[in-house]
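Here is how the chains run, residue by residue.
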Amino acid sequence: MSHRTRSAAVALALAGAAVLPAAGTARADVVDVAYDCKTPIGDKSAVSPIDIKAAPEGGGYKLTMSFRKGVSSSPIELGKGAMNPSAVIVVGGADQGQVAVSGPPNPEAAPANTPIKITDLSGTYTPRKSGRVTFTAGVLTIKAMGTTTTCTPGNSPKPSLELDVTAAAGAGGGSADTLPQTGPEDSVAAFATLGGTVLLTGTAGLLWLSRRSRRAART
């Protein structure tokens, strides 16, 4: 074996050694998901291959859910931007919860009675527990022209992605439930409203008691 050949073999071996640990941290599959859909025109069903990808973003990951086939159709043409898709990715393994993902409206008109192409849906996942975490396609929701279609996986699909994650400092103890929820400012406003209600109730009670005391004094 020549010096050049040996050098190439060593370089290839080193490259393989560098790749193997990284390959062990994640496993992605394209999974067939059989959706049972409740539509305005009755129950429908369809199968779509789905893959889920994760890219590091800040202290968490940006998840992207892609549909290889459409899972619903409309009896009438849907104009550009008429359909708004969203879904849930179920988190399992070391962490538990759900991640809400959404995407842009349909970029072009969807002809009547043809499978509707779902745009890529994305959302942010922040690990709250460290370990091997799985990501599985959950409920898909399609809103179009004032109607809502809900599609639920009926075949208990396996995870589309498995990933080794590390929880951020101070993030342990909770679940991975990252569905939309009121933020800190909304909570403050809610407490302020609640406090105002209590204050008004207390004032009303005080006025009622004051008026009653005056009546008693007159009699």
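Keep in mind that what you see is a predicted model, and the values were worked out from it rather than measured. (Residues numbered from 1 in each chain as written. Predicted model: local features only at pLDDT ≥ 70, side-chain atom pairs only at ≥ 80, totals over all residues. Heavy atoms only, no water.)

*Asks:* For this particular structure, what's the right way to read the side chain of Asn106?
*Replies:* The topology assignment puts Asn106 in the loop between β6 (97–102) and β7 (121–125). Within polar-contact distance, the side chain of Asn106 engages the backbone nitrogen of Met83 at 2.8 Å. Residues contacting Asn106, with those up to four places away along its chain left out, are Leu78, Gly79, Lys80, Gly81, Ala82, Met83 and Thr119. (Helix = DSSP H or I, 4+ residues; strand = E, 2+ residues; numbered from the N terminus. Polar contact = N/O pair within 3.5 Å; in protein donor to acceptor, adjacent residues only side chain to side chain. Contact = heavy atoms within 4.5 Å.)

*Asks:* Where do I start with the pairing of strand β8 (residues 131–144) in this structure?
*Replies:* Consecutive side chains along a regular strand alternate between the two faces of the sheet. Extensive coverage of β8 is indicated by the burial of 10 of its 14 residues. In the sheet, strand β5 (residues 83–93) pairs with β8 via 10 bridges, with the strands oriented antiparallel. Bridge pairing links Asn84 to Lys143 in β8. Relative to strand β10 (residues 161–165), β8 runs antiparallel, the two sharing 5 bridges. Residue Gly131 lies in a different strand from β10, and its bridge partner there is Val165. Alignment of β8 against strand β9 (residues 147–153), held across 5 bridges, turns out to be antiparallel. Residue pairing in the sheet places Lys143 in a bridge with Thr148 of β9. (Buried < 20%, exposed > 50% of the residue type's maximum accessible area, 1.4 Å probe, protein only. Pairing = 2+ DSSP bridges.)

*Asks:* Just checking my understanding: could you explain the nonpolar core for this structure?
*Replies:* Generally speaking, soluble globular proteins have nonpolar side chains that are buried together. The biggest cluster of nonpolar side chains holds 35 residues, and the ones touching the most others in it are Tyr35, Met65, Tyr125, Phe135 and Leu140. Sorting the residues of this core by element identifies β2 (31–39), β3 (42–57), β4 (60–67), β5, β6, β7, β8 and β10 as the ones contributing at least two each. The greatest single-element share of this core, amounting to 6 residues, is contributed by β8. (Core = buried A, V, L, I, M, F, W, Y, C linked by side-chain atoms within 4.5 Å.)

*Asks:* Can you help me understand the pairing of β4 in this one?
*Replies:* Of all 8 residues in β4, 6 are buried; the element is thus mostly enclosed. Pairing of β3 with β4 involves 8 bridges; the strand directions are antiparallel. Looking across to β4, one finds that Asp51 is bridged to Ser66. Between β3 and β4, which pair antiparallel in sequence order, lie 2 residues; one of them, Gly58, sits at a positive phi of approximately 65°. Where β4 and β7 come together, 5 bridges link them in antiparallel fashion. Bridge pairing in β7 links Thr64 to Ser122.

*Asks:* Where do I start with the pattern of salt bridges in this structure?
*Replies:* A pair can form between side chains of opposite charge whenever their charged atoms are brought close. Taken as a whole and assessed by the stated rule, the structure comprises 7 salt bridges. Between Arg27 and Asp29 there is a salt bridge whose closest N-O contact spans 2.2 Å. Using a relative accessible area of 34% as the deciding quantity, one classes Arg27 as partly exposed. On the accessibility criterion, Asp29 (24% relative accessible area) is partly exposed. (Salt bridge = Lys/Arg side-chain N within 4 Å of Asp/Glu carboxyl O.)

*Asks:* Looking at this structure, how should I read the packing of aromatic side chains?
*Replies:* Describing an aromatic ring pair means giving the distance of the ring centres and the angle of the ring planes. The full count for this structure, using the stated rule, is 3 aromatic pairs. A ring pair is formed by Tyr61 and Tyr125, whose centres lie 6.5 Å apart and whose planes are at 25°; its orientation type is stacked. A residue pair is termed long-range when its members are at least 10 positions apart, and Tyr61 in strand β4 and Tyr125 in strand β7 qualify at 64 residues. The pair Tyr61 / Tyr125 is uniform in exposure class, with both members buried. (Phe/Tyr/Trp six-rings, centres within 6.5 Å; stacked < 30°, edge-to-face > 60°.)

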